Structure formats: structure tokens, C-alpha cells
Amino acid sequence: MNSSHLRSTLISIAVFGALCAAPVMAQSGSPADPPVSTVTTNHESARLSTEFADLAGSDANARALVDGLRDGTAITLDEATQNADGTTTTTPMTFQPATGKMGYGNVKIALSLADATLAKAGITDPTSAELAAALNGGTLVLADGTSVDLNGVLAQRAAGEGWGQIAKADGFKLGDVMRSPKAVGSSAASGHAHAHVEHVELAKAHGIDRPSKPDRVSKVDRPDRPSRPDRPERPDHPDHGGRPGG
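Computed from a prediction, not measured in an experiment: that's the story for all the values here.

S.K.: What should I look at first to understand the side chain of Q156 in this one?
M.R.: Tracing the chain through its elements places Q156 in helix α7 (residues 153-158). Setting aside residues no more than four positions away along its own chain, Q156 makes contact with N151, E161, I166 and A169.

Right, dumping it as C-alpha cells:
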């Protein structure tokens, strides 16, 4: 075998070995890379949680709120109460969103509208119950005996209303709400500035007072068929007269 032929053979073997090793290297590296959708989901959830942390009362509450609305699952918010002795009591509060799964864009709109609705009622630092009422519907009973009814942005959405309709019903423009929900709500507040809420009455059935089904209409009784008129009696046949001369 001459040197030229030997060199050609060695090159072929080297190229073949490299091609065989390439898929193995690619396969060994692929499991370490997370799916793009998972990265995007985590990023969106974290971004919205940071944006609405003040509304929810904490980072953990905000994450629970965003993920619950996104997945359509029950949301548990921890309410911290300061005691007279300086200690803090944490009470969990759980509610089920009136809507099903939502995209992150809809989650942002829902929370922005809830924020604006509460600000309009004079509430800028809502409790968990007040936030649930803004989302699912309820009544805020104030210290002066008056009350504020909240239709609930999720309850309205579940009833088939568009976001623009929901905003308009509360006297807002959706574009303004998305830019600065608290500012829009505060400017629309009337008579409820810095409202002190005594207690919250949450709406039933996930924020929707669903009307009861109407009673079935009973079947109309069929009118009695008119009775057939009696057949007229046949007249008696006249007796045959006797034959004359009989």
C-alpha cells in the first residue's frame, strides 16, 4: 500500500469517527437545556408577581395570585395581622377564581381592574378578603354603616363581558387602567377616600350570584274534546193503513 492510499484511508476513518460521535455529543447535552415555554412561563409569572406585590400584600401572595389566575386553581393568600402585644398572626384565606384558566395578558388586565376598583372605593392597601371581593364580587361594609358593592371583575368576565365593558361599567377607560390602575381609581373615587372597612361579605358561587333556574312551565291541560252530539232518533215508521174494504 503506497503512502497516498494509506493517508486517504486514515482520513476516511477519522471523518467516519467524527460523524458517529456528533449525535452522541448532541444527545448528551440536550437534556440540560430547559424547554423554551417553561422559561417564558417562569419569566412572565415572576414579572407579574413583582408588579402586583403591593396589591397582594407580599411577594408570596402575588405569586399565588398570578399562578392561581393563570391555572384557574384555588388561591390562598396569607393575611398578616398585628396584635396588641407586638406579635403578628398570619391567617390564610382561600378563594376560587370565578374564571377558568387565563393567559398572562388577561391576568394582568384582571389584576389592574381589581386594583383600580379598590382604589375607587378608597382602598389602596387591600386585605385578602377585599382583594377577593374585587375579583369575585362582594360587599364592603364601612365603619360609618354604608356599604360598597363590588361586581367582581372575574365574575363579570365569567358572565361573558369583555374587559372594555367591565372597565366602562366602573367608569374607567381600559387603556388608562393598564397604564396606572391606582391613579385611575383614585381619581374616580367619590366619598370613599381612605375608607375603613369593618368587614367583607363575599359573593356566593365564586363571585356570581347565579339566578336560580326558572320553574318548568307545566303543560297546558288539553281541552276536553267536545262530546259528540247524540244522533237524532229515527222517526217511527208509520203504520201501514189497512187495505180499503178490509
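Text resumes after the structure shown.
S.K.: Looking at this model, I keep getting lost on the environment of Q156. Mind explaining?
M.R.: On the basis of relative accessible area, Q156 is assigned to the buried category, the value being 8%. Sequence separation between Q156 and I166 is 10 residues; the distance between their C-alpha atoms is 6.8 Å.

S.K.: Sorry if this is basic, but what is going on with the packing of helix α5 (residues 104-120) against helix α10 (residues 181-188) here?
M.R.: How two helices pack is summed up by the angle between their axes together with the distance between the axes. Between α5 and α10, the least distance of the axes is 7 Å, while the angle of their chain directions is 30°. In terms of orientation, α5 lies roughly parallel with respect to α10. Both α5 and α10 take part in a crossing whose hand is right-handed. Only P181, K182, G185, S186 and A188 of α10 make contact with α5, whose side of the interface consists of S112, D115, A116, A119 and K120. For the contact of α5 with α10, the per-class residue count stands at 4 nonpolar, 3 polar and 3 charged.

S.K.: Explain the packing of aromatic side chains to me, please; I cannot follow it from the model alone.
M.R.: All told, the structure shown has 0 aromatic pairs when counted by the stated rule. Between R70 and the ring centre of Y104, over which it is positioned, the NZ or CZ distance is 4.5 Å.

S.K.: Would you take a moment to explain the pairing of strand β3 (residues 138-142) for this structure?
M.R.: Regular strands place their side chains on alternate faces of the sheet. Across the 5 residues of β3, 5 count as buried, placing the element largely inside the fold. Along β3, one buried face is formed by G138, L140 and L142 and the opposite face, lined by T139 and V141, is buried too. Inspection of the sheet shows β3 paired to strand β4 (residues 147-150) by 4 bridges, in the antiparallel sense. By the bridge assignment, L140 is partnered in β4 with V148.

Rules used throughout
Residues numbered from 1 in each chain as written. Predicted model: local features only at pLDDT ≥ 70, side-chain atom pairs only at ≥ 80, totals over all residues. Heavy atoms only, no water. Helix = DSSP H or I, 4+ residues; strand = E, 2+ residues; numbered from the N terminus. Contact = heavy atoms within 4.5 Å. Buried < 20%, exposed > 50% of the residue type's maximum accessible area, 1.4 Å probe, protein only. Axes fitted to C-alpha atoms, helices over the stretch in contact; angles between N-to-C directions. Parallel < 35°, antiparallel > 145°, perpendicular 65-115°, else oblique. Left-handed = near helix turned anticlockwise from the far one by under 90°. Nonpolar A, V, L, I, M, F, W, Y, C, P; charged D, E, K, R; others polar. Phe/Tyr/Trp six-rings, centres within 6.5 Å; stacked < 30°, edge-to-face > 60°. Lys NZ or Arg CZ within 6 Å of the ring centre and 35° of its normal. Pairing = 2+ DSSP bridges.

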